[in-house]
Each structure stands twice: as structure tokens, then as C-alpha cells.
Amino acid sequence: NSSFKKQVQEKVARLQMGLENKLDTPIGNLSGGQRQALTLLMAVMDESKILLLDEPTAALDPKSSALLMQLADKIIHDYDLTAVLVTHQLKEACAYGNRIIQMKEGKIIRDIGRAEKEKLKPEDLFHWFH
């Protein structure tokens, strides 16, 4: 109905990507970054409290990746969400995570909390993988 469409347009407008006027555009005609942004927003439209981001930037170029992660960070804060980010991008983990967990064969082998993480740089984490 038009009330629901208006609510969707308002939420999409908050993305500040000009997509609120493209709701009738076939998804295949949008850029990869636009599709990822809409997918991210759709994931939280049902008032979820936990957001799982599983390699959200894997298929994106560096510029689109950075924009998507900034958008995810904004949505996480705007909607007061707990987020779990699965990534192989150490810069993303350091920039956006407040806790970093490394797993191997289904087991946690490192768990870095906020205070310890604040002291780390992405290059400090590279030795974890040797």
C-alpha cells in the first residue's frame, strides 16, 4: 500500500544515495554498491536487533567497499543494532569492530576486546595468519 511505500521511501532517503526515487527500478539496473546498500537497509526494516554482515564488501571495488562500510556503521548506530561482521579484511575489522575474534576450524583461537583492540593496527593482525 502507499503508506508502506512512503515508509520505505523515508528509510531509503536516509541512505542519502538518491535511491528513494528509484524504488520501481529493477534491481539489476542498480550498481553493486546501491544493491548492497538496499540489501543492508532491508535487513533492518523489520526492527531486528542483530545484524549479520557476512563478507559484505567481497564483490565491491575499494571505493564502494568504503562507502558500504560507512553506511553499515551509520545504520548500526541509527538503529542501535548489535552487528557481527565476518570479514577477511583486517582494515575493516580494526576500523569497525569493537571486539575481534579469530576462529579456526570452528573454534575461537583469539578474542580481542575493545581496550586491547584500540592499541592494534591492521598490520599487527597479519602475524595471526602465519
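Because the structure is predicted, anything quoted here is derived from the model rather than measured.

## Looking at the environment of R14
Along the chain, R14 falls in the loop between α1 (2–13) and α2 (32–44). Considering only alpha carbons, one finds R14 and M42, 28 residues apart in sequence, at a separation of 13 Å. Those residues in contact with R14 that lie beyond four places of it in its chain are K74, D78 and Y79.

## So, the environment of I100
Of note, I100 is situated in strand β3 (residues 100–104). In sequence terms I100 and R114 are 14 residues apart; their C-alpha atoms lie 8.2 Å from each other. Discounting chain neighbours no more than four positions away, the residues touching I100 are A93, C94, R110, D111, I112, K117, L125 and W128.

What counts, and where the lines are drawn
Residues numbered from 1 in each chain as written. Predicted model: local features only at pLDDT ≥ 70, side-chain atom pairs only at ≥ 80, totals over all residues. Heavy atoms only, no water. Helix = DSSP H or I, 4+ residues; strand = E, 2+ residues; numbered from the N terminus. Contact = heavy atoms within 4.5 Å.

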